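The primary structure of each chain is shown beneath.
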Amino acid sequence: MLDVSELMRPEPAFASKPIGRYRDYNIDHEDPIKERVRITYTQMHTNQTMDYVKRKMAEWLSFDKFEATIMEALESLNDLVDESDPDVDIPNIVHAFQTAERIRAVHPNHDWFHLVGLIHDLGKVMAFKGEPQWSVVGDTFPVGCAWANSIVYKDTTFSRNPDTYDPRYNTTLGIYKENCGLDNILMSWGHDEYLYRVLVHNKTTIPKQGLNMIRFHSFYPWHSGGDYDFLCSEDDLEMKKWVLEFNKFDLYTKGGITPDIKELKPYYQSLIDKYIPGLIKW
């Protein structure tokens, strides 16, 4: 298992551009990528309510939509460009291998971590089964309590979300109790929670640390924005270290070297066979 002494320095040398130029959410209606991102988040923040999340969990967590191997699901990401991401305009499968290979270079002795890097976005397969991207991609946040200040576009995109005005949900704690633990929080619906649940349902042997990286890697208002610690247990706050360690690879490899996917597939197939083999119920 990873040890605290193995954590990387905060600003990784492999970043492909200055650190401050990642996650640029400044509004620019003339920039097609930035405008695409703004529209996606506006739709997300309008529609992701407590009731919506509950409906999507009931719909998707029956695991009866289709069956596919992990590699088949990964290959489908050749046809997906994440509409919420201001840093990439390439198929998601390239990002998957970029993330995995950089983790492999820095943490060569933890093969499960390499696999987490490869598969962390596989929940985005929902976009091929009828889900709009605003219900699949982007930063996640809790529903059932007030929107935190660090949520991107927070001040301009929640005005048409009915939970904004619901007294059950618009206080700091909302329906939750202080330090109740993230296991007891309902997050906006998206690929993080879905893939986490798929892996658990299919009895993966990826360690808990890796599963938490998958489950919370898009929860930027928490792991990078400084919000929502009041909902966390002590275990959650310890787990945050590993989510942040994963985040360095997930974020700063974007725009970097394009790996030779064909050459790398046999290695990663061996990890799939070890940790999550065969047909998976999605």
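In this convention, every chain numbers its residues from 1, walking through the sequence in written order. The model is predicted, so local features are restricted to residues of pLDDT at least 70 and side-chain atom pairs to those at 80 or more, both for listing and for counting; the totals for chains, interfaces and linings are taken over all residues. To obtain the side-chain values, all non-hydrogen atoms of the structure were included, while hydrogens and water were left out.

Undergrad: Residue-level account of unusual backbone geometry, with values.
TA: Excluding glycine, most residues fall at negative phi; most peptide bonds, likewise, are trans. Residues other than glycine seldom take positive phi values, yet Phe 63 does so here, at roughly 55 degrees. Working definition: helices are DSSP H or I runs of at least four residues, strands are E runs of at least two. Numbering for both runs from the N terminus. Its place among the elements puts Phe 63 in the loop between α2 (50-60) and β1 (67-68). Backbone geometry at Tyr 228 places phi at a positive 75 degrees, although glycine is not the residue there. With respect to the element layout, Tyr 228 can be found in the loop between α9 (220-223) and α10 (234-252). Overall, the relative accessible area of 3% leaves Tyr 228 in the buried class. Three exposure classes are used, based on accessible area relative to the maximum for each residue type with a 1.4 Å probe and protein chains only: buried under 20%, partly exposed in between, and exposed over 50%.

Undergrad: Report on the packing of helix α4 (residues 92-106) against helix α5 (residues 111-119), specifying residues and quantitative values.
TA: Geometry is summarised by axes, namely lines fitted to C-alpha atoms with helices restricted to the contacting stretch, and by angles between N-to-C directions that run from 0 to 180 degrees. The interhelical angle for the contact between α4 and α5, taken along N-to-C directions, is 160 degrees, at an axis separation of 7 Å. Regarding the angle of α4 to α5, the classification is roughly antiparallel. Seen from above, α4 lies across α5 with right-handed handedness. On α5, the residues that touch Ala 96, Phe 97, Thr 99, Ala 100, Ile 103 and Arg 104 of α4 are Phe 113, His 114, Gly 117 and Leu 118. Residue composition of the contact of α4 with α5, by class: 6 nonpolar, 3 polar and 1 charged. In these notes the angle categories are as follows: under 35 degrees is roughly parallel, over 145 is roughly antiparallel, 65 to 115 is roughly perpendicular, and the rest is oblique. Note: crossing handedness is left-handed where the near helix turns anticlockwise from the far helix by less than a right angle, and right-handed where it turns clockwise. The criterion used for residue contact is that any of the two residues' heavy atoms lie within 4.5 Å. Three residue categories are used. Nonpolar comprises Ala, Val, Leu, Ile, Met, Phe, Trp, Tyr, Cys and Pro, charged comprises Asp, Glu, Lys and Arg, and polar comprises the others, including Gly.

Undergrad: Hey, could you go over the side chain of Ser 218 for me, with residue numbers and the actual values?
TA: Within the element layout of this structure, Ser 218 appears in the loop between α8 (208-216) and α9. In terms of polar contacts, Ser 218 uses its side chain to reach the side chain of His 217, at 3.5 Å. Residues contacting Ser 218, with those up to four places away along its chain left out, are Gly 138, Asp 139, Thr 140, His 191, Asp 192 and His 223. By the criterion applied in these results, polar contacts are pairs of N or O atoms within 3.5 Å in which, for protein atoms, one can donate a hydrogen and the other can accept it, and in which residues neighboring in sequence qualify only through two side-chain atoms.

Undergrad: Describe the UniProt feature "binding site: substrate" (unreviewed entry) in the protein chain, with residues and values.
TA: UniProt positions are given in the numbering used here, feature names are shortened, and annotations may be inferred rather than shown by experiment. Look at the UniProt record and you will see "binding site: substrate" (unreviewed entry) annotated at Arg 23, Asp 82, Glu 83, Ser 84, Lys 124, Gly 138, Asp 139, His 217 and Ser 218. Summarising the element assignment, Lys 124 is placed in the loop between α5 and α6 (154-157). By relative accessible area, Lys 124 is classed as buried at 3%. With sequence-adjacent residues up to four places away left out, Lys 124 is seen in contact with Leu 77, Leu 80, Asp 82, Asn 92, Val 136, Val 137 and His 191. Looking at the secondary structure, you find Asp 139 in the loop between α5 and α6. Setting aside residues no more than four positions away along its own chain, Asp 139 makes contact with Arg 23, Tyr 25, Tyr 41, Met 44, Val 152, Ser 188, Ser 218 and Tyr 220.

Undergrad: Which residues make up the pattern of salt bridges, and what values do they have?
TA: A pairing counts as a salt bridge when a side-chain nitrogen of Lys or Arg comes within 4 Å of a carboxyl oxygen of Asp or Glu. Evaluated as defined, the whole model comprises 18 salt bridges. Two residues, Glu 35 and Arg 38, come together in a salt bridge whose shortest N-O distance is 2.7 Å. Of this pair, Glu 35 and Arg 38 are both found in helix α1 (residues 32-47), 3 residues apart, which corresponds to roughly one turn of the helix. Since its relative accessible area comes to 17%, Glu 35 is described here as buried. A residue is classified by how much of its surface remains accessible, and Arg 38, at 21% relative accessible area, is partly exposed.

Undergrad: So what's going on with the state of the cysteines? Residues and values would help.
TA: Defined simply, a disulfide is a covalent bond joining two cysteines at their sulfur atoms. In this description, the term disulfide denotes a pair of cysteine sulfurs within 2.5 Å. Counted under the stated rule, the structure contains 0 disulfides. Unpaired in this structure, Cys 145 has its nearest cysteine sulfur neighbour in Cys 180, at a distance of 8.8 Å. The exposure class of Cys 145 is buried, given its relative accessible area of 2%. With no disulfide partner, Cys 180 has as its closest neighbouring cysteine sulfur the one in Cys 232, 8.6 Å distant.

Undergrad: How would you sum up the packing of aromatic side chains? Please name residues and give values.
TA: Ring pairs are drawn from Phe, Tyr and Trp, using the six-membered ring of Trp, whenever the two centres fall within 6.5 Å, and their geometry is named by plane angle: stacked under 30 degrees, edge-to-face over 60, tilted for the rest. Following the criterion strictly, the structure yields 20 aromatic pairs and no others. Between Trp 112 and Phe 113 the ring centres are 5.5 Å apart and the planes differ by 20 degrees, which places this aromatic pair in the stacked class. A single burial state applies to Trp 112 and to Phe 113, both of which are buried. Consider the rings of Tyr 267 and Tyr 268, whose centres lie 4.9 Å apart with planes at 80 degrees: the pair is edge-to-face. Taking the relative accessible area as the measure of exposure, Tyr 267 reaches 25% and is therefore partly exposed. Tyr 268 sits in the buried class, given a relative accessible area of 0%. Put simply, the rings of Trp 60, Phe 66, Trp 189, Tyr 194 and Trp 282 pair up and form one aromatic cluster. Note on criteria: charge over ring means Lys NZ or Arg CZ within 6 Å of the ring centre, with the direction from the centre no more than 35 degrees off the ring normal. Between Lys 65 and the ring centre of Trp 60, over which it is positioned, the NZ or CZ distance is 5.4 Å. Between Lys 129 and the ring centre of Phe 66, over which it is positioned, the NZ or CZ distance is 4.7 Å.

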